[in-house]
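Observations on chain architecture
Below are the chains, spelled out letter by letter.
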Amino acid sequence: MQKSIKRYFPIFVLPTLAAFIVAFLAPFMMGIYLSFCKFTTIKDAEFTGLSNYVRMLQDKDFLNALVFTTVFTIVAVAAVNVFAFLLALALTRGIKGTNLFRTVFFMPNLIGGIVLGYIWQLIINGILLPYGVTITTDAKYGFWGLVVLMNWQLIGYMMIIYIAGIQNISTELMEAAKIDGASGLQILKKITIPLIMPAISICLFLTLTNCFKLFDQNLALTAGGPGKATTMLALDIRNTFYGRIGWEGVGQAKAVVFSVLVGVIALLQLYITKRKEVES
Amino acid sequence: MVKINKGRKRIMSVCLAALSVLYLMPIFIILINSFKSKLYISDAPFRLPDSQTFVGLENYTGGIDKTGFVSAFGWTMFITLFSVGVILVCTSMTAWYLARVRTRLTGILYYLFVFAMIVPFQMVMYTMSNMANMLYLDNPVGIIFIYLGFGSGLSVFMFTGFVKSIPSEIEEAALIDGCGPLQTFFGVVLPMLKPTVITVAILNTMWIWNDYLLPNLVIGNDYKTIPVAVQYLRGGYGSIDMGAMMAMLVLAIIPVIIFYLACQKYIIKGVAAGAVKG
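Throughout, residues of each chain are indexed from 1 in the direction in which the sequence is written. Chains and ligands are labelled sequentially in the order written, the chains with letters from A and the ligands with numbers from 1. For a predicted model such as this one, the threshold for reporting local features is a pLDDT of at least 70, and the threshold for listing and counting side-chain atom pairs is 80 or more; totals across whole chains, interfaces and linings nevertheless cover every residue.

1. Some words on the overall build of chain B
What counts here: Counting from the N terminus, the helices are the DSSP runs of H or I reaching at least four residues and the strands are the DSSP runs of E reaching at least two. Every radius of gyration here is taken over C-alpha atoms, with the globule rule written as 2.2 Å times N^0.38, N being the number of residues. Any residue with 12 or fewer other C-beta atoms within 10 Å of its own C-beta is exposed, any with 20 or more is buried, and the rest are partly exposed; the C-beta atoms used are placed from the backbone. We call two residues in contact if the C-beta atoms placed from their backbones are at most 7 Å apart.
Each helix and strand counted, chain B has 13 helices and zero strands in total. The order of helices and strands in chain B, counted from the N terminus, is α-α-α-α-α-α-α-α-α-α-α-α-α. Whereas a compact globule of 278 residues would reach a radius of gyration of roughly 19 Å, chain B reaches 24 Å, over 25% beyond that. Each principal axis of the C-alpha distribution contributes one length, and for chain B these read about 75 × 65 × 30 Å. Taking all 278 residues of chain B together, the buried fraction comes to 46%. Partitioning the intrachain contacts of chain B with sequence separation of at least 6 by distance along the chain shows that 73% fall at a separation of at least 24.

The structure is reproduced here in structure tokens:
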């Protein structure tokens, strides 16, 4: 079988591969090289060693964005997963209207980040109105605004995954535990959570990477303000590239570090949660 | 599933209903504000329009003019439909080839596609938009090729996973009976891939329809997509026309909701299936 298909490489693989090289692989390689260069367009690159990385580490904006992104990611990931899991528990008990509730909670996930950002900008500014402040008065408003926004967007998505996980647990196991006199909390701790570890693993992965890489919502909700106080890494990288002349190389160096961080976080999390998965 | 008694069930049902209403509130608030004069939006966002503040469809007509929403809608539709179509055909073919022809090259290619899934867009943002420019891909047709390239990681990964789970005997029988590889793929393999096709289609549609940064960098000046058009309202440093903004938000949400209600079953299933494989 291999033989008869093999020579069809140009038809089956080449179109995708060509696009992959143009849109990803070549820009990726060039990106790594350019992070060691001084340049204003990709044609006038001049090798300068590690200087971009040194400038990056001295850049307060970058460190600020790194701290803000990290704290935001931890808070948002915890909140989204707890709420999504609780909703999933509630929606797997045969309550009337379960399908309708599921439909409603998932819906915001389909709305794009830019649109979500402006929706919540209006609402949060409206809530802050009586206090005479706006979302960009202080970084804490922007921070919690982003947390609320991400919860609204992601809870439904994660809930769907948790529901699928809970529905996979065999009823017999649950019944047996109940007959043996296990309390609801015991069932949750000893049966439900260990058996849905794969779902937890996936949800953590999706929320972690989504929050850490957040861009559209950040841009629309606060645009990084006040000043640069709520600028997250992805937005800071874009601003470095397109907002500061002479900083293109630093922008690319930041992008390299950003990619490494995303990769390390994703792999570390998958490694940790995969170890906790059990066979049912 | 743990069964609970009827009384508690009813209480939970009421709580969830209340939560659902709360959940839909933001969209409702945007909707009512889209009919108010722009002067009364920021100052009293939670008030219903009255005879003084109601402006009918003024925000909509003004907003559509300002942002070029009609053409933005058209281009977004065009780019999303064709990109998703091209991604489905090309990456499913690639995935089948990579799963069935086991050489060192296909192994390396597979891992490259998987690797591309994790790399954030910012990494290739600058170099890729420059390259798109140099290769004359900075137009609505060229961007389809870019979407194929950038979206191929996830799609190839998901298709390959599914192909590996189906036995190759049926395909072999078709090949022995004299079908060419193309005939075998489109006649035998692709129909079996249908559940994954739906999942990949939905994930890519959600991504491309809502994508902001890529189209903004590659074609943003000449062809706006809906997210670019909405962001365009913020403009430079001036204040936002809140009326037009509210109307555009509503117009941006409507197609998404129609799509959701029409394919709800597939979307929820597809997303759950996509997550399990991812």
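On we go.
2. Thoughts on the overall build of chain A
For chain A, the helix and strand inventory stands at 14 helices and two strands. Judged by the C-alpha coordinates and their principal axes, chain A covers about 75 × 75 × 30 Å. Taking all 280 residues of chain A together, 46% fall into the buried category. The contacts of chain A with a sequence gap of at least 6 include a subset with a gap of at least 24, amounting to 74%.

3. Focus on the domain arrangement of chain A
It is common to report an interface's size as the accessible area lost on association of the parts. Short version of the rule: Domain segmentation is taken from an automatic or database assignment of domains.
The domain boundaries assigned to chain A delineate domain 1 (2-34) and domain 2 (56-276). Placing a centre on the C-alpha atoms of domain 1 of chain A and another on those of domain 2 of chain A gives a separation of 33 Å.

4. Overview of unusual backbone geometry
The backbone of A:Ala223 shows a phi angle near 55°, a positive value even though the residue is not glycine. Looking at the element boundaries, A:Ala223 is found in the loop between helix H12 (216-221) and helix H13 (233-243). Positive phi, close to 60°, is recorded for B:Tyr136, a residue that is not glycine. Note that B:Tyr136 resides in the loop between helix H5 (121-134) and helix H6 (142-165). Since 9 C-beta atoms lie within 10 Å of it, B:Tyr136 is described here as exposed.

5. Concerning helix H9 (residues 194-210) of chain B
All names here are of chain B. Our working rule: Each residue after the first adds 1.5 Å to the expected span of a helix.
For H9, built from 17 residues, the straight-helix expectation of 24 Å at 1.5 Å per residue is met to within 8% by its first-to-last C-alpha distance of 24 Å. In terms of residue burial, H9 counts as a mostly covered element, since twelve of its 17 residues are buried. Three or more residues of H9 are buried, namely Thr196, Val197, Thr199, Val200, Ile202, Leu203, Asn204, Thr205, Met206, Ile208, Trp209 and Asn210.

6. A short note on the confidence of the model for chain B
All names here are of chain B. For clarity, the cut-off: Residue-level confidence of the predictor is what pLDDT reports, using numbers from 0 through 100.
When the pLDDT values of chain B are averaged, the result is 89; 96% of them are 70 or greater. The spread of mean pLDDT over the elements of chain B runs between helix H13 (residues 264-277), the lowest at 79, and helix H3 (residues 69-100), the highest at 95. The ipTM for the predicted assembly is 0.90, set against a pTM of 0.90.

7. Here we look at the nonpolar core
Put simply, the rule is: In these notes, a nonpolar core means any group of buried Ala, Val, Leu, Ile, Met, Phe, Trp, Tyr and Cys residues linked to one another through C-beta atoms within 7 Å.
Core analysis: the biggest nonpolar cluster contains 166 residues, and A:Tyr162 and B:Leu249 have the highest contact counts within it. Residues in contact with A:Tyr162, not counting those within four places in the same chain, are A:Ala84, A:Phe85, A:Ala88, A:Ile196, A:Ala199 and A:Cys203.

8. Considerations on the interface of chain B and chain A
Filter applied, for reference: The residue classification treats Ala, Val, Leu, Ile, Met, Phe, Trp, Tyr, Cys and Pro as nonpolar and Asp, Glu, Lys and Arg as charged. All others, Gly included, are polar.
Between chain B and chain A, the contact holds 73 residues from the first and 77 residues from the second. When residues of the side of chain B that touches chain A are assigned to their parent elements, the largest contribution, twelve residues, is made by helix H1 (residues 6-33) of chain B. When the residues that make up the side of chain B that touches chain A are grouped by side-chain class, the tally is 53 nonpolar, 16 polar and four charged.

9. What about the confidence of the model for chain A?
Confidence along chain A averages 90 in pLDDT terms, with 99% of residues attaining 70 or more. Helix H1 (residues 2-6) of chain A is the least confidently modelled element of chain A, averaging 79 in pLDDT, while helix H5 (residues 60-90) of chain A averages 95, the highest of any element.

10. Let's talk about the domain arrangement of chain B
Residues and elements named next belong to chain B. One can read the domain layout of chain B as domain 1 (24-56) and domain 2 (66-277). Taken over C-alpha atoms, the centre of domain 1 sits 36 Å from the centre of domain 2. In this complex, domain 1 contributes nine residues to the contact, which on the side of domain 2 involves eight residues. Taken together, the residues of the side of domain 1 that touches domain 2 sort by class into four nonpolar, four polar and one charged.

11. Side note on the packing of helix H7 (residues 113-128) of chain A against helix H8 (residues 139-167) of chain A
To characterise two packed helices, one gives the angle between the axes of the helices and the distance between these axes. All names here are of chain A. Short version of the rule: The axes used here are C-alpha line fits, helices contributing only the stretch in contact, and every angle between their N-to-C directions lies in the interval 0 to 180 degrees. Any angle that is under 35 degrees is reported as roughly parallel, and any over 145 degrees as roughly antiparallel; angles of 65 to 115 degrees are reported as roughly perpendicular and all others as oblique. Helix crossings get a hand from a simple test, with the near helix turned counterclockwise from the far one by less than a right angle marking a left-handed crossing and a clockwise turn marking a right-handed one.
Between H7 and H8, the shortest axis-to-axis distance is 10 Å and the interhelical angle comes to 125°. The pairing of H7 with H8 is recorded here as oblique in orientation. Read as a crossing pair, H7 and H8 show a hand that is right-handed. Residue-level contacts link Leu116, Trp120, Ile124 and Leu128 of H7 to Tyr141, Gly145, Val148, Leu149 and Gln153 of H8. Along the lines of polarity and charge, the residues of the contact of H7 with H8 split into seven nonpolar, two polar and no charged.

12. Topic: the packing of H1(B) against helix H12 (residues 242-262) of chain B
All names here are of chain B. In the contact formed by H1 and H12, the axes pass within 8 Å of each other and the chain directions differ by 130°. Comparing the axis directions of H1 and H12 gives the class oblique. Viewed along their axes, H1 and H12 form a crossing whose handedness is left-handed. Residues Ile27, Ile30, Leu31 and Asn33 of H1 lie in contact with H12, whose contacting residues are Met246, Leu249, Val250 and Ile253.

13. Topic: the environment of B:Asn216
Residue and element names in this part refer to chain B. With respect to the helices and strands, the residue Asn216 is situated in helix H10 (residues 213-218). We classify Asn216 as partly exposed; it has 19 C-beta atoms within 10 Å. For the pair formed by Asn216 and Tyr232, sequence separation is 16 residues and the distance between their alpha carbons is 9.9 Å.

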